[in-house]
Amino acid sequence: MTEKVLVPIDLADQETGVKVIREGVMQAKARNAELTVMTVVPDILSGLDFRYAIRGETGGSEDFDLKAIVAEALERLNEIAAEHTPSGMKVKTIARHGTAYEQILKTAEKIGATQIVMGAHRPSLSDYLIGPTTARVVRHANCSVNVLRT
């Protein structure tokens, strides 16, 4: 069985995402594993357009096409993955929409991930050790989870 490393990143925090991709590349090389980088477009609240976060802008719009937003997220993810993975390394990319931890867990199951590499960032007082998405993935994943503190 081929090992598979899943690296979920948040396009709104690309600095952390780049660090996590680099760690995922190292883990994939060490395990001779396939690498999949993914992102999740969060549920969109009225008046908030995630496309601005993808591009690092602030603002909002009441009109949005979810398929277009997910396609734009995938396009940006492809750019980031191409920039931060070694040339010649085969990398799959996936963009999903929904609740981040649910989509990460579903994707890990679907691709048969043997390891998930993700960042822990933006802690608040109630999530002091790791963020809520990372904590949920750690608790519920059926494979190893490597948490990179950024």
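As a reminder, the structure under discussion sits directly above these lines.
Computed from a predicted model, the values in this text were never measured in an experiment.

A. Summary view of the overall build of the protein. Secondary structure summary: the protein contains five helices and five strands in total. The linear arrangement of helices and strands in the protein, starting from the amino end, is β-α-β-α-α-β-α-β-α-β. A total accessible area of about 8,300 Å² is found for the protein, and carbon and sulfur atoms account for 50% of it.

B. View of helix H1 (residues 14-31). Taking 1.5 Å of rise per residue, 18 residues should cover 26 Å, and H1 covers 25 Å from first to last C-alpha, within 8% of that figure. Listed as buried for H1 are Thr16, Gly17, Val18, Val20, Ile21, Glu23, Gly24, Val25, Gln27 and Ala28. A positive backbone phi angle near 50 degrees is found at asparagine 32, which sits one or two residues after H1.

C. Representation of the nonpolar core in the model. Ranked by internal contacts, the top residues of the largest apolar core, which has 19 residues, are Val5, Val7, Ile9, Leu11, Ile21, Leu35 and Val37. Looking at this core, the elements with two or more residues in it are strand E1 (4-9), H1, strand E2 (34-41) and helix H3 (66-84). Looking at which element gives the most residues to this core, the answer is H3, with five residues. The residues touching isoleucine 9, leaving out its near neighbours within four places in the chain, are Gly17, Val20, Ile21, Val37, Met38, Thr39, Val40, Leu77 and Ile80. Counting 15 residues, the second largest nonpolar core, distinct from the first, contains Leu6, Val40, Leu105 and Ile111.

D. Just the pairing of strand E4 (residues 115-120), in detail. The element E4 is extensively covered by neighbouring structure, given that six of its six residues are classed as buried. Across the two faces of E4 the burial is the same, with Gln115, Val117 and Gly119 and Ile116, Met118 and Ala120 all buried. Where E4 and strand E5 (residues 144-149) come together, six bridges link them in parallel fashion. Within E5, the position partnered with methionine 118 by the bridge is valine 147.

E. Layout of the packing of H1 against H3. Running from amino to carboxyl end, H1 crosses H3 at an angle of 55 degrees, the nearest separation of the two axes being 10 Å. Classified by the angle between their axes, H1 and H3 sit oblique to one another. Regarding H1 and H3, the two cross each other, and that crossing is right-handed. Between H1, through Gln14, Val18, Ile21, Arg22 and Val25, and H3, the contact on the second element is made entirely by Arg76, Ile80 and His84. Tallied by class, residues from the contact of H1 with H3 come to four nonpolar, two polar and two charged.

F. Inspection of the pattern of salt bridges at higher detail. A full pass over the atoms with the stated rule returns four salt bridges. A salt bridge links glutamate 3 to arginine 31, with the nearest nitrogen and oxygen atoms 2.7 Å apart. In this pair, glutamate 3 is assigned in the segment before E1 and arginine 31 in helix H1, connecting sequence segments 28 residues apart. Accessibility expressed as a relative area gives 28% for glutamate 3, which makes it partly exposed. The class for arginine 31 is partly exposed, based on a relative accessible area of 32%. Glutamate 34 is paired through a salt bridge with lysine 92; the nearest N and O atoms lie 3.6 Å apart. With glutamate 34 in strand E2 and lysine 92 in strand E3 (residues 91-97), this residue pair connects regions lying 58 residues apart in the sequence. Taking the relative accessible area as the measure of exposure, lysine 92 reaches 38% and is therefore partly exposed.

Rules of the game
- Residues numbered from 1 in each chain as written.
- Predicted model: local features only at pLDDT ≥ 70, side-chain atom pairs only at ≥ 80, totals over all residues.
- Heavy atoms only, no water.
- Helix = DSSP H or I, 4+ residues; strand = E, 2+ residues; numbered from the N terminus.
- Areas by Shrake-Rupley, 256 points an atom, 1.4 Å probe, with all protein chains shown as cover.
- Expected span 1.5 Å × (residues − 1).
- Buried < 20%, exposed > 50% of the residue type's maximum accessible area, 1.4 Å probe, protein only.
- Core = buried A, V, L, I, M, F, W, Y, C linked by side-chain atoms within 4.5 Å.
- Contact = heavy atoms within 4.5 Å.
- Pairing = 2+ DSSP bridges.
- Axes fitted to C-alpha atoms, helices over the stretch in contact; angles between N-to-C directions.
- Parallel < 35°, antiparallel > 145°, perpendicular 65-115°, else oblique.
- Left-handed = near helix turned anticlockwise from the far one by under 90°.
- Nonpolar A, V, L, I, M, F, W, Y, C, P; charged D, E, K, R; others polar.
- Salt bridge = Lys/Arg side-chain N within 4 Å of Asp/Glu carboxyl O.

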